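Here's the letter readout for the chains.
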Amino acid sequence: MKLFGLRGGVHPEALKHHTERQEIQRMPMPRRLYIPLQQHIGAPAKAEVEVGEKVEKGQLLARSQGMISAPIHAPGSGTIVEIEEHPAAHPSGLPVRTIVIETDVQERIFKNLTDAGDPFDLSTQQIADRVGQAGIVGMGGATFPSAVKLMPNPDNPIHTLIINGSECEPYLTCDDRLMQERPDDVLDGIRLIRHALQAKRAVLAIEDNKQAAFNAMQAAAARSDGVEVIQIPSRYPMGWEKQLVQIITGHELPQGQLPGGIGVCVHNVGTAFAIYRTLRIDEPLISRVVTVSGGAVRNPQNVLVPIGTRVEDLIKFCGGLTETPARLVMGGPMMGQVMPHQQVPIVKGSSGILALTEHEIDDGPERPCIRCGRCVIACPVGLMPLEMGARMRADDVTGTEALGVMDCIGCGCCSYVCPSKIPLVQYFNYAKGELQDRRNTKIKTSKTRQWAQNRTERLQREAEEKAILKAQRAAAKAEKLANKSLQSEPQSEPQPEDLQ
Amino acid sequence: MIRLNPQAGPHVRNPGKVPSLMAMVIIALLPATLFGIYLFGLPALNTVVLCLLSAAFFEALCVWLVKKRITLVLFDGSALLTGLLLALTLPPWAPWWIAVGGSGFAIIVGKHVYGGLGQNPFNPAMLARVALLLSFPLQMTSWVSPAPLFSASTPGFIDALAITFNSAMPLDGFSSATLLGQVKTDLGQGQTLSLIFEGQYNLLFHSLGYTAGSLGETSALLIAAGGIYLIWQGVINWQLPVSMLASVALLAGLFHIIDPELYASPLYHLSSGALMLGAFFILTDPVTSPTTLRGQILFGSGCGLLVFIIRTWGGYPEGVAFAVLLMNGMTPLIDHYLKPRQYGRNRRGQPLPMPAMTPPGEQS
Amino acid sequence: MSTYSQIIRDGLWHNNVVFGQLLALCPLLAVTSTATNGLGMGLASTAVLVGSNLLVSMTRSLISPKVRIPIFVLLIATLVSLVDMTMNAWLHDLHKMLGLFIPLIVTNCAILGRAEAFASRQPVLPSIVDGLMMGIGFTLALVLLGATREILGSGTLFANASLLLGSGFTGLELVLFEDYQGIVLMLLPPGGFLALGFLIVAKRLLDRRFEQRPTNTQANQITVTDLDESSPGGETA
C-alpha cells in the first residue's frame, strides 16, 4: 500500500524492550478501588449509588450526563464505603469526586438482562448505544467518548476506518501486547466498528518497530476479511490522528476540521478491544491493559488492571520499586502527566505508569536558546517553537498567538529535540490556557454587552411604543374634544397634550 | 515571567545538548587546526592557544560581570569554539595582541554586548576577523610560506615566542602572498589567468593546503572532511553549506564560460579553504543563521553570491567574512518571511480547502 | 539660583546632548576622529547654540506657534552661515578639515531641540545659560569621544591643535605611543559607534554610583546624630 509523506516528528529511543516480550498479567482485585466520576472528556458522570450499597462487578455506578459524557461501572464486586473527594490522576493532585469500593472476594458478576445475540445484526444506532452504555472512551489517552464517533453525520458518511496501532510513545507496549496476544479479538472489534460505521475500508496501522504484533494481526486478518493491516514508519507523533489520516489517505485535514469531515474515522486498538468485549461478552469498560515500566520498577510488564486500582497497588504487584523514582509519569514519557504521588487511581485513559530514574529523564540545566532550529524541523504542525518560546519568555502571549500557538498539539517534539532543554511545550500549554481564558472572558463580556444592548433597545422600543400609543390616545381624545366642542359652541383650540 | 512546574516533560533523554554539539564542532575542526599547526610551526600553535585562552578568559569575565553562573556558561564550549574559529582565520604568525584583542572583540562586542549566547546577530568570530582586518591591514595580510614542523625552515621554540610576543616580522624569505591575493593583484595588472596559473597553480596541491594562507584555512579538503562529519552526525544541516558552495560554483562556472581568461574556474573557487570553512563552520553557526530549511538555503545562496561578487569585483581578495556578516543582518528578515507552512493551513495562515472526497473503491 | 544650577547640571551631565539625549549623533560620529576636530566642531556648535537661544528667546513672543519651526531654522541657518564664514576667514585650515560639517550644524537637532524645548518658553538670560551649558556639554562629549578615538586609532592626542588655537598651543599636541600601529577601525564610523557605546555605558555606571552615594552619606549622618547625644536636634535641619 502506498504511504504518503509527512514532515516533522522525532525518533526517540523506543525503550519498549522492557515489556514487549512479557505476557500481560492479570492483576488480582485490590482491597479498595478509587473510581473518579470524571475519567473522560466532557461532563462528569452522576453517581447512581449510595454509601453502604452492595455492588456487583459491571454494575452501573454513575450515569452519563449529556451527549459528551460516559457512564462508569463497578470494576469489582463489593461495598461502597465512601463517595468523597480524592486526589485525581493529574499533576496537580487536586481532589475530584470519587466512589470508593471495598472489594470482596466473591467476584459477583452483574448480569445484564439484554441478550447479546450476534452484534453484526445490530444497527449503527444500537451499537453506538451499547458502546455508550458500556462507558467506552478513547483508550489511547484522549478519553473522548467513543459512542459519539460511532454515529457519523448521515450527510457525510465514513468511508475509511483507521485503527491506530502506532503506539508511538516510548516505553508503552499495552497495545502491542494486546495485538500479539488477542489478535482475533482485536480484529473482531475492528470489524464491529467498521460494521457500525458502514465504512468501505478499514486499515489497521502498526508502526514497523512492532513486528510481532504486525505478524499476529496479519495472520488474524487473513482468517477473515475486510481489514487491511499495514506497517507505517516508527516516528513520534505518528499516533496524532491527523498524521495517521495523512499518511494513509494523503489528505491534509484543513485547520479546524475533524477526520469525520473528510469521511475518515480513527479509533485506537485498545478501544477496538473494549468494543469487542462489550458487544461479544457484554462487559462494560471496567479494566484496561496498563504498561508498568521504567528503570525504577522491579518487574516491568503489562498488566490487566481493574479501573480504580491505585498506582501504589499496581506497582506493588509489579514487584515494587528498586529505587525512589525521580519521576512518576502516567501515560507515555512524551505527553504523559507527572503524578504527585502513588495514591492516584488508574483511570480509563491510563496507558502506562512509568517510574523513571534520574538517568532516564536526564534533567539538565536550562540553557539559553542557540536558535539551532531543531524544534522548527521537528514540529509536525509547522510552527516555530523557538520564536514562540522567546515571546513567552517576554510574557507576550498575544505575540505567541500570532505565531500560531493555538495550533500546537502539545506533542513535545520541540522540547525533546531542544539541545538547551528549554521547556517549550510547557510554555505553549500555558499560553493556550491563557488564551482560552481570554477568549472565554471576551465571549462573556461580549455576551454581557449584547444583553445590555438588547435591554437598552427593548426599553427604547417600549418607550417609543408607549409614546406612539400615548400620542394616538391624545389624538383620539383631542378629536373627541373637538367633536364635542363642535357640537357645543366653538371655544379655544384644544391644547395638544404634552408628550414629554 | 511565568512560573513553571519544574518537572517539565518530555521525560526521556534527548539526543544532544549544547555542550556536546559544541564539542563535536571543535572535534570536526581539529584536523584542519592540527594541519595548520604542522604547516606553520610553533608560532601557529601559540596563536591557537592564545585565542582559546583569551576567549575563555573574556567569556568568564563577561559572565562574572552580569552575575550568571560562570561554570554553566563557560563549559558550554561556545567561547572556545569562537576562539578556535578566529584562530583559524588569522595569519599563522600573528602577534599576540592580534589573537588576544581579536578574541576579546569577538566575545565582548560580538557576543556579550547583545546579551550572551544566542542573542548576537552577527557571528562573533567573523566580526572580530573583519574588525582586525580593518584595524590592522598590515598584520592581517602578512602571510608566510609553509614552514612545517620538524623541517629545517621551521622556527625554533625561542624564535616562535619572539614571533608571537615580540612582533618579530617574518623574514623576507618567509613572507608570501595567498593564491587568491596573488591572482587578484595580477589580474589587476592586466594579466590573463592562463598566464598567472602557469606553473604555480596546482589544484590538488592547493586544496590539500600546502600553501600560504590563514592558519586553518589552507586545506579545503580537511575542512570539508570535518564538515561532512558534522552533517553525518546531524550537528549541522546540509542545506547551508551545499547552497553556499553550489551558488559560488554556479556563478563561477557561468562567468568562466563567458571569459575563461578573466574569471577563474569553479574548482579554483571551491578549492579555497576559507570558503569551505565559511560554508561548513561559519554559516552553520545556529545563532546567526535562519532556522527554517528554506531560509537556510536562501541564506547560503546569498552568502555564495556575495562571496563571488567580493572576490571577483570587490576590493579584497577574499570575501567570506564580509558575506557572512552581511547575510547575518538578513537573518531576522528571512526568518520572518520564510516561516514553515502550518499544518492544515496555506502559507497565508488560512485553512486549506476541503480535499476532494475519493472513496477508497476508486482510489486504487 | 537653583534654576541656574539646574540648567548647568542638565547641560553638562544629566541631559547632556550626546550622553543624555542621544542627539546630534551624525556630526558626532563624523568629526570625532581626533580630539581637535571634536573641539572645533563643539565650539562652533556652542556659538550657534548660544546665539540661536538668545535670538529665539528674544523673539519668542513675536513668533506665531504655527510657523515657529521654519523661523527657528532660518535663525539658526543665519548664525551657522556667520560661523562658517568666520571660521573660513580666521581658522581656514580647521575649516578645511571640518569641511561639510559646519554648514550641517543647521540640521543639528540639538540646536533646534533647545530652541523648541527651552528658549521659546524661557526669558533671555536662562536661555543664554542653557545654550552655553548645552554647548559646553556637547563640546566636552565631542572632545572626549574624539580623544578616545584618536588615542586608540592613531596614538596621538590633540593633533593639529595649533591649527585651531594658534601656534601657542603646539605643546598640547601629544604623541602618546611612539611607533604606534593604530587601530584603524577606531577612526572609521564603526569605531565611533563602539566608542560612543562604551562611553554611554561608563556614564550610566557613574550615574548609578552617584545615586547610591547620597543615601550612604545620609545614613552616615543619621548614625552620627544618633550617637552624638550631646547636641540634640543640632542636625535636624
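All of these numbers come straight from a predicted model, not from anything done at the bench. (Residues numbered from 1 in each chain as written. Chains lettered and ligands numbered in written order. Predicted model: local features only at pLDDT ≥ 70, side-chain atom pairs only at ≥ 80, totals over all residues. Heavy atoms only, no water.)

## Thoughts on the interface of chain B and chain C
So, point 1. Contacts between the two partners involve 10 residues from chain B, matched on the other side by 8 residues from chain C.
So, point 2. With both chains or domains summed, chain B and chain C bury close to 670 Å², and 76% of this area falls on carbon and sulfur atoms.
So, point 3. The three residues of chain B that bury the most area against chain C are Leu134, Ser135 and Phe136 of chain B, which together make up 52% of that side's buried surface.
So, point 4. Counting only elements with at least two residues in the side of chain B that touches chain C, the list comes to helix 5 (96–109), helix 6 (124–135) and helix 7 (137–140) of chain B.
So, point 5. For the side of chain B that touches chain C, the leading source of residues is helix 5 of chain B, giving 4 residues.
So, point 6. For the side of chain B that touches chain C, the class distribution of residues is 8 nonpolar, 2 polar and no charged. (Contact = heavy atoms within 4.5 Å. Buried area = accessible area lost by both parts, 1.4 Å probe. Helix = DSSP H or I, 4+ residues; strand = E, 2+ residues; numbered from the N terminus. Nonpolar A, V, L, I, M, F, W, Y, C, P; charged D, E, K, R; others polar.)

## Things to note about the sheet that holds strand 5 (residues 60–63) of chain A
Residues and elements named next belong to chain A.
So, point 1. The antiparallel open sheet is built from 3 strands, whose spatial order is 3-5-6. Strands with a single pairing partner mark the edges of an open sheet, and in this sheet they are strand 3 (46–47) and strand 6 (72–73).
So, point 2. In terms of strand pairing, strand 3 meets strand 5 through 2 bridges, oriented antiparallel. Among the inter-strand pairings, alanine 47 is bridged to a residue of strand 5, identified as alanine 62. (Pairing = 2+ DSSP bridges.)

## Some remarks on the UniProt feature "binding site: [4Fe-4S] cluster 2" (unreviewed entry) in chain A
Residues and elements named next belong to chain A.
So, point 1. As recorded in UniProt, the feature "binding site: [4Fe-4S] cluster 2" (unreviewed entry) lies at Cys379, Cys408, Cys411 and Cys414. Over a stretch of 36 residues, the named residues converge on one spot in the fold, their C-alpha atoms separated by at most 10.7 Å.
So, point 2. Among the residues examined, cysteine 379 registers a relative accessible area of 10% and is labelled buried.
So, point 3. The contacts of cysteine 379, once residues within four sequence positions are left out, are Gly8 and Pro385.
So, point 4. As for its position among the elements, cysteine 411 is in the loop between helix 12 (397–402) and helix 13 (413–417).
So, point 5. With near-sequence residues (within four places) excluded, cysteine 411 lies in contact with Tyr236, Pro237, Met334, Met335 and Pro380. (UniProt positions renumbered as here; feature names shortened; annotations may be inferred. Buried < 20%, exposed > 50% of the residue type's maximum accessible area, 1.4 Å probe, protein only.)

## Some words on the arrangement of the chains
So, point 1. Contact analysis covers 2 pairs of chains in contact, and the most contacts occur between chains A and B.
So, point 2. Contact between chain A and chain C is absent, and the least distance between their C-alpha atoms amounts to 24 Å.

## As for unusual backbone geometry
All names here are of chain A.
So, point 1. Geometrically, the link from tyrosine 236 to proline 237 is a cis peptide bond, its omega value of -5° lying close to zero.
So, point 2. Here proline 237 is to be found in the loop between strand 11 (227–232) and helix 6 (241–249).
So, point 3. In this structure, leucine 15 takes a positive phi of about 55° despite not being glycine.
So, point 4. Among the secondary structure elements, leucine 15 is positioned in the segment before strand 1 (25–26).

## Some details on the sheet that holds strand 4 (residues 54–55) of chain A
Residue and element names in this part refer to chain A.
So, point 1. As summarised here, the arrangement of the 4 strands in space is 2-8-7-4, forming an open sheet in which the pairing is antiparallel. Two strands bound the open sheet, and with one partner strand each, they are strand 2 (32–36) and strand 4.
So, point 2. Here strand 4 runs beside strand 7 (residues 78–87); their pairing, made up of 2 bridges, is antiparallel. The residue bridging lysine 54 from the neighbouring strand is threonine 79, located in strand 7.

## A look at the confidence of the model for chain B
All names here are of chain B.
So, point 1. With 88% of its residues at a pLDDT of 70 or more, chain B shows a mean pLDDT of 84.
So, point 2. Taken together, the stretch residues 1–6 has pLDDT below 50 and engages in 10 contacts with residues farther than four places along the chain or on a different chain.
So, point 3. Considering only residues more than four positions removed or in separate chains, one finds that residues 360–364, a stretch of pLDDT under 50, has 6 contacts.
So, point 4. Predicted as a complex, the structure gets a pTM of 0.82 and an ipTM equal to 0.85. (pLDDT = per-residue confidence, 0-100.)

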